[in-house]
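Inside the fold
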Protein chains: 4
Amino acid sequence: MATVRTPDPNPGWLSEYALSETRSRVPMLYVEAVPVRVDPLGAVEHVGVLLRATETGEMSRSLVSGRVLHGESVRGALVRNLEKDLGPTAFPQIPASPVPFTVAEYLPIPGVSPLHDPRQHAVALVFVVPVAGECQPRQDALELSWLSPEEACAPGMLAEMEGGRGVLVKQALAHLGVLPA
Amino acid sequence: MATVRTPDPNPGWLSEYALSETRSRVPMLYVEAVPVRVDPLGAVEHVGVLLRATETGEMSRSLVSGRVLHGESVRGALVRNLEKDLGPTAFPQIPASPVPFTVAEYLPIPGVSPLHDPRQHAVALVFVVPVAGECQPRQDALELSWLSPEEACAPGMLAEMEGGRGVLVKQALAHLGVLPA
Amino acid sequence: MATVRTPDPNPGWLSEYALSETRSRVPMLYVEAVPVRVDPLGAVEHVGVLLRATETGEMSRSLVSGRVLHGESVRGALVRNLEKDLGPTAFPQIPASPVPFTVAEYLPIPGVSPLHDPRQHAVALVFVVPVAGECQPRQDALELSWLSPEEACAPGMLAEMEGGRGVLVKQALAHLGVLPA
Amino acid sequence: MATVRTPDPNPGWLSEYALSETRSRVPMLYVEAVPVRVDPLGAVEHVGVLLRATETGEMSRSLVSGRVLHGESVRGALVRNLEKDLGPTAFPQIPASPVPFTVAEYLPIPGVSPLHDPRQHAVALVFVVPVAGECQPRQDALELSWLSPEEACAPGMLAEMEGGRGVLVKQALAHLGVLPA
């Protein structure tokens, strides 16, 4: 008798086991976004940084971030992760071009590269995303803080950024022409 | 008796004579914009092209374009020229980054470079600008047409573009990842 | 008695089975390179295209291309694949910046996107790489042809490019400012 | 009797008077270059900074910089100014793409923008240029120092950079992915 196979209700998602096995085999593709608030001429005034509780209960700061699923477009992954982290009323302006402002490489061994992810070798396409609406962080993010370029580059703030992502914030500000002198 | 000098009501603007003299001396800095309509995921669906009447009464197609004035920021020039060409209700999303997708060089002698401007040597910083509102072309522009990437790249359309700007439209579509195969 | 485990002589490489399983789970990260010859002012004169024999014995044209291995940097993968495809005396000028000129998305289902790879969902970071030395295609590549921008954009040539990569060649030429009008 | 007009031996160059008049009328177009030394994989190891004596005899640090002349291409201006500042044996790798990594805006009034030029409103297209040969600074440049990213970003060094150009060095390092954390 033929077994009827129900289609995967969540294509692209992997079991914990398959995900961990895959992470040991290939670099994992991520998208990350630096949310920004712009003035009427389009110049960046504030950068959005998420406050998260880590698994051990510590606080750390992060960016919008998530994996690109099998069969999902980079653009689709960006939209999905922005909605996951900023809520449904953020009204992000997804970049018209697929070119990221930087490519971030996370290695599992600490100290080898400025960016570090203990779980895996990850490569992230990083985008700046202007956000016009109201942000309501969801899931594990507790709060979204809007920081001026000076506040975002304060040494204390950069040190709190998860996995060395402070350098991505500085790269974003440099790309936008608003890195503090 | 002291003469009271009224401040220049139009700083940055030059008389016809001064403008023509300046044009013979240095390259003139321009900004240009390729207006686009995007879908909810940010992917480009249509490109905006202006229909203008030239001085000799012929029709030609063009992009949003204008000079950067003395003392004016590149961003300010972009906003001013978008409003001049698309009207006050276009609601353009000015790029957060000052980096253009290409630099266009117009030479006064035809045939030397793909881009040509009989009046001057001009160098334009060219940006892609998503437009969310209603466009009402002003001044000498008669009409704004929204074209699909395929329509914009049709040979007849490209040939009608003023000064060889058809190549800029193709470069914009390539940068956006939607150049027809 | 303790078993002495010899270190993996080829870290990052996967068995056929593991590779095929992984391909069904996550998008695979690739690097691609468009080799170019430049004139003394750095302007691009020719684009390099590889002629390959496919598994079924047909001829097809391609770019330098390969997977980023687990633990390997994007830059390292670019260097390794350039040497694999162009030989050890090509003397490529690896880009100083990690930002690709475009991100290419290949889907396994034909017709969904302009780029197509029947084996997998692949995402490639695509770079332009000036090459100064002598190229000796290795492995399965039979020949490297240097084409002018006009030759590279001829419809016949573009149609021969594997997986729809003709559009990447046009995007590269557009980015370089030498796309034929 | 016909006057024989000798052709301008220095086309594009202007008299002091014409140059100063032009500077008061329009933004002046410049190119700037951040010279870099790269390792065999193309990653940036050092940044080149010029030591100059200013008109008042003070020392200041600067980048390769110069005006784009009337009729000259951006690429031509970049090559000419690299040779002027680094000498004939520097063997710079001129970028294949005309897109700068940033656009620098200098205003004549101090304090308005991070970048400042008391002589003029200038807009510079700024490029990263790998240099393979020996540099022999010419003209008014006394010395070229090769600095590590950490040395280049030391506060003392940044403060010595002419017109606020320290921010351009940091933007270049950010673009290259080697901005110190």
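Residues numbered from 1 in each chain as written. Chains lettered and ligands numbered in written order. Predicted model: local features only at pLDDT ≥ 70, side-chain atom pairs only at ≥ 80, totals over all residues. Heavy atoms only, no water.

**Quick look at the overall build of chain A**
Looking only at helices and strands, one finds five helices and seven strands in chain A. For a compact globule of 181 residues, the expected C-alpha radius of gyration is about 16 Å, and chain A comes in at 17 Å, within 12% of that figure. Each principal axis of the C-alpha distribution contributes one length, and for chain A these read about 70 × 35 × 30 Å. Out of the 181 residues in chain A, the part that is buried amounts to 57%. For chain A, the accessible area works out to roughly 8,000 Å², and carbon and sulfur atoms hold 57% of it. Averaging the coordinates of the 14 positive side-chain charges in chain A and doing the same for the 20 negative ones gives two points 6 Å apart. (Helix = DSSP H or I, 4+ residues; strand = E, 2+ residues; numbered from the N terminus. Rg over C-alpha atoms; globule rule 2.2 N^0.38 Å. Buried < 20%, exposed > 50% of the residue type's maximum accessible area, 1.4 Å probe, protein only. Areas by Shrake-Rupley, 256 points an atom, 1.4 Å probe, with all protein chains shown as cover. Lys, Arg positive; Asp, Glu negative; His and termini not counted. Charge placed at Lys NZ, Arg CZ, Asp CG, Glu CD.)

**Regarding the relation of the copies chain C and chain A**
Here chain C sits on chain A after a turn of 180° about the axis and a move of 0.0 Å along it, with an RMSD of 0.0 Å. The transformation relating the two chain copies, once decomposed into turn and shift, fits a two-fold axis. Mapped onto chain A, 100% of the interface residues of chain C again fall at the interface, so both copies present the same surface. (Least-squares fit on C-alpha atoms with pLDDT ≥ 70 in both. Contact = heavy atoms within 4.5 Å.)

**Side note on the environment of C:Pro149**
Residue and element names in this part refer to chain C. Relative to the helices and strands, proline 149 is located in helix H3 (residues 149–152). The spacing of proline 149 and glutamate 45 is 104 residues in sequence and 7.3 Å in space, taken between C-alpha atoms. Once residues lying within four places of it in the same chain are set aside, the contact partners of proline 149 are Glu45, Leu173, Val178 and Pro180.

**Re the side chain of B:Lys170**
Within the secondary structure, B:Lys170 sits in helix H5 (residues 166–175). Here B:Lys170 occupies a buried position and makes no salt bridge, while the nearest side chain of opposite charge, C:Glu150, is found at 10 Å. Each residue touching B:Lys170, except ones within four places of it in the same chain, is listed here: B:Cys153, B:Leu158, B:Leu179, C:Leu179, C:Pro180 and C:Ala181. (Salt bridge = Lys/Arg side-chain N within 4 Å of Asp/Glu carboxyl O.)

**Some details on the pattern of salt bridges**
For side chains of opposite charge, pairing can occur when their charged atoms come near one another. All names here are of chain D. If you walk through the whole model with that rule in mind, you get 36 salt bridges over all chains. Arginine 165 is paired through a salt bridge with glutamate 162; the nearest N and O atoms lie 4.0 Å apart. You can call arginine 165 buried: its relative accessible area is 9%.

**Some words on the pairing of strand S3 (residues 59–62) of chain A**
In terms of strand pairing, strand S2 (residues 44–53) of chain A meets S3(A) through four bridges, oriented antiparallel. Within S3(A), the position partnered with A:Ala53 by the bridge is A:Met59. (Pairing = 2+ DSSP bridges.)

**Thoughts on the confidence of the model for chain A**
With 93% of its residues at a pLDDT of 70 or more, chain A has an overall mean of 90. Predicted complex, confidence summary: ipTM 0.91, pTM 0.93. (pLDDT = per-residue confidence, 0-100.)

**Details of the interface of chain C and chain A**
The interface is formed by 31 residues belonging to chain C together with 31 residues belonging to chain A. In total, about 2,400 Å² of surface goes out of reach between chain C and chain A, with carbon and sulfur atoms giving 65% of it. Between chain C and chain A we count two salt bridges in total. Among the ionic pairs, A:Arg25 bridges to C:Glu21, the shortest N-O distance being 2.7 Å. Taken together, the connections running from chain C to chain A amount to 12 residue pairs in polar contact (both at pLDDT 80 or more). Top element by residues in the side of chain C that touches chain A is helix H1 (residues 16–23) of chain C. It accounts for four residues. By residue class, the composition of the side of chain C that touches chain A is 17 nonpolar, eight polar and six charged. (Buried area = accessible area lost by both parts, 1.4 Å probe. Polar contact = N/O pair within 3.5 Å; in protein donor to acceptor, adjacent residues only side chain to side chain. Nonpolar A, V, L, I, M, F, W, Y, C, P; charged D, E, K, R; others polar.)

**With respect to the side chain of C:Ser97**
Along the chain, the position of C:Ser97 falls in the loop between helix H2 (74–86) and strand S5 (102–106). A polar contact is formed between the side chain of C:Ser97 and the backbone oxygen of D:His175, at a distance of 3.4 Å. Excluding residues that lie within four positions of it along the chain, C:Ser97 makes contacts with C:Arg75, C:Phe127, D:His175 and D:Leu176.

**Quick look at the relation of the copies chain B and chain D**
Rotating chain B by 180° and moving it 0.0 Å along the rotation axis overlays it on chain D with an RMSD of 0.0 Å. Comparing contact sets, 100% of the residues at the interface of chain B also lie at the interface in chain D, consistent with an isologous, same-surface contact.

**Description of the nonpolar core**
Formed by 130 residues in total, the largest nonpolar core has its most connected members in A:Val34, B:Val34, C:Val34 and D:Val34. Apart from residues no more than four positions distant in its own chain, C:Val34 is found in contact with C:Val47, C:Leu63, C:Phe101, C:Val126, C:Phe127, C:Val128, C:Val129 and C:Ala172. (Core = buried A, V, L, I, M, F, W, Y, C linked by side-chain atoms within 4.5 Å.)

**Describing the environment of B:Arg80**
For B:Arg80, the position within the fold is in helix H2 (residues 74–86). Separated by 2.9 Å, the side chain of B:Arg80 and the backbone oxygen of B:Arg67 make a polar contact.

**Overview of helix H1 (residues 16–23) of chain D**
The complete set of buried residues in H1(D) reads D:Ala18, D:Leu19, D:Glu21, D:Thr22 and D:Arg23. Of the surrounding elements, those touching the buried residues of H1(D) are helix H1 (16–23) of chain B together with strand S1 (28–38) and strand S4 (64–67) of chain D.

**A few points about the interface of chain B and chain D**
Each partner contributes residues to the interface: chain B has 31 residues there, and chain D has 31 residues. Both faces considered, chain B and chain D share a buried interface measuring about 2,400 Å² in area, 66% of it formed by carbon and sulfur atoms. Joining chain B to chain D, the criterion identifies two salt bridges. For the pair chain B and chain D, the interface holds 12 residue pairs in polar contact (both at pLDDT 80 or more). At the level of elements, H1, strand S1 (28–38), strand S5 (102–106) and strand S6 (122–130) of chain B are the ones that each hand at least two residues to the side of chain B that touches chain D. Looking at side-chain class alone, the side of chain B that touches chain D contains 17 nonpolar, eight polar and six charged residues.

**Quick look at empty space enclosed by the protein**
With the rule as written, the count across this model stands at three cavities of 30 Å³ or more. What the largest cavity holds in volume is close to 100 Å³. Together, A:Phe101, A:Thr102, A:Gln171, A:Ala174, A:His175, D:Phe101, D:Gln171, D:Ala174 and D:His175 line the largest cavity. Counting only elements with at least two residues in the lining of the largest cavity, the list comes to helix H5 (166–175) of chain A together with helix H5 (166–175) of chain D. Of the residues assigned to the lining of the largest cavity, the class counts are four nonpolar, five polar and no charged. (1 Å grid on protein atoms, 1.4 Å probe; cavity = no way out; pocket = protein on both sides within 12 Å on 5 of 7 lines; lining within 4 Å. Points joined across faces, edges and corners; volume = space filled by probe spheres on them.)

**Let's talk about helix H2 (residues 74–86) of chain A**
Residue and element names in this part refer to chain A. Here H2 contains 13 residues, and its C-alpha end-to-end distance of 18 Å stays within 8% of the 18 Å for a straight helix at 1.5 Å per residue. The buried fraction of H2 is high, at 10 of 13 residues. For H2, the complete set of buried residues consists of Val74, Arg75, Gly76, Ala77, Leu78, Asn81, Leu82, Lys84, Asp85 and Leu86. The positive-phi residue at the C-terminal boundary of H2 is glycine 87, with phi of around 85°. (Expected span 1.5 Å × (residues − 1).)

**Some details on the pairing of strand S5 (residues 102–106) of chain D**
All names here are of chain D. Among the five residues that make up S5, four are buried, leaving the element largely enclosed by the rest of the structure. Direction of pairing for S5 relative to strand S6 (residues 122–130): antiparallel, over a ladder of five bridges. The residue of S6 that forms the bridge with valine 103 is leucine 125.

**So, the environment of D:Gly166**
Along the chain, the position of D:Gly166 falls in helix H5. Along the primary structure D:Gly166 and D:Ala154 are separated by 12 residues, whereas in three dimensions their C-alpha atoms are 9.8 Å apart.

**Here's the deal with unusual backbone geometry**
All names here are of chain B. Positive phi outside glycine occurs at phenylalanine 91, with the angle close to 45°. Take phenylalanine 91: it is sitting in the loop between H2 and S5. Given a relative accessible area of 56%, phenylalanine 91 falls into the exposed group.

**Digging into the state of the cysteines**
Inspection of every chain in the model, using the stated rule, returns zero disulfides over all chains. Its sulfur unpaired, B:Cys135 is 20 Å from the next cysteine sulfur, which belongs to B:Cys153. The structure places no disulfide on B:Cys153, whose sulfur is separated from the nearest cysteine sulfur, that of C:Cys153, by 12 Å. We classify B:Cys153 as buried; its relative accessible area is 19%. (Disulfide = S-S within 2.5 Å.)

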